[in-house]
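Each chain, letter by letter, is given below.
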Amino acid sequence: MRATADTTIDGAKLSGVLRMTWVSDHLAHVLEHSRTDEPAGTWTGLACADHGLVLGADVDIATLQALFGSGDVADLIWEAPADLAAEHGQLCQAAIQAYQAGHQETAEQFWQQAQALWSQAWSANYEALKLFQAAGLAVAL
């Protein structure tokens, strides 16, 4: 089952798309990519402390499988709006170009702007997790 919703996350002053998919393939979709073409995931979410998981640490497959158990899991994704992604990309590109041109101070300013923008995106992600937990959905990742 796939449920998709466009929403505005007021606490972070951002919009985007929340996609939630109920998955019953025993994490095959995750395991397939985790060993080939994607970096390790990152533990995030309000339930991490309940499970002894360190926020920001890499996801290890054994722990993920133990948490999953034998039931279904909700795969929750917040997609940043296109304008946020474009702005972040432009700031990163400007930082790289400034660095390559020998303008270290300018490059650092662009990196700081990109980091601040990314921080806003993580704030929106956090607000999305709170929204789902307030709705009664258990979110561990």
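1. Some remarks on the overall build of the protein chain
In terms of helices and strands, the protein chain carries four helices and three strands. For the protein chain, the α and β elements follow one another from N to C terminus as β-β-α-α-β-α-α. Counting across all 141 residues of the protein chain, residues that qualify as buried make up 28%. Long-range pairs, those at least 24 residues apart, make up 58% of the contacts in the protein chain between residues at least 6 apart in sequence.

2. Overview of the confidence of the model for the protein chain
Per-residue confidence for the protein chain gives a mean pLDDT of 78; residues scoring 70 or more make up 81%. Taking the mean pLDDT of every element in the protein chain, the minimum, 54, falls on strand S1 (residues 2-9) and the maximum, 94, on helix H3 (residues 82-100).

3. A look at the packing of H3 against helix H4 (residues 104-134)
One way to put it is that H3 packs onto H4 with a least axis distance of 8 Å and a crossing angle of 160 degrees. Put simply, H3 runs roughly antiparallel to H4. Pair H3 / H4 crosses with left-handed handedness. Of the residues in H4, those touching H3 at Leu84, Glu87, His88, Leu91, Cys92, Ala94, Ala95, Ile96, Ala98 and Tyr99 are Gln104, Thr106, Ala107, Phe110, Trp111, Gln113, Ala114, Leu117, Trp118 and Ala121.

4. A short note on the nonpolar core
Of all hydrophobic cores here, the largest spans 12 residues; its members are Leu18, Met20, Trp78, Leu84, Leu91, Cys92, Ala114, Leu117, Ala121, Ala124, Ala128 and Phe132. At the level of elements, strand S2 (14-23), H3 and H4 are the ones that each hand at least two residues to this core. The element contributing the most residues to this core is H4, with six residues.

5. Remarks on H4
Given a rise of 1.5 Å per residue, 31 residues ought to cover 45 Å, and the 45 Å separating the end C-alpha atoms of H4 matches this to within 8%. Those residues of H4 not exposed but buried are Ala107, Ala114, Leu117, Ala121, Ala124, Asn125, Ala128, Leu129 and Phe132.

Rules behind the numbers
Residues numbered from 1 in each chain as written. Predicted model: local features only at pLDDT ≥ 70, side-chain atom pairs only at ≥ 80, totals over all residues. Heavy atoms only, no water. Helix = DSSP H or I, 4+ residues; strand = E, 2+ residues; numbered from the N terminus. Buried < 20%, exposed > 50% of the residue type's maximum accessible area, 1.4 Å probe, protein only. Contact = heavy atoms within 4.5 Å. pLDDT = per-residue confidence, 0-100. Axes fitted to C-alpha atoms, helices over the stretch in contact; angles between N-to-C directions. Parallel < 35°, antiparallel > 145°, perpendicular 65-115°, else oblique. Left-handed = near helix turned anticlockwise from the far one by under 90°. Core = buried A, V, L, I, M, F, W, Y, C linked by side-chain atoms within 4.5 Å. Expected span 1.5 Å × (residues − 1).

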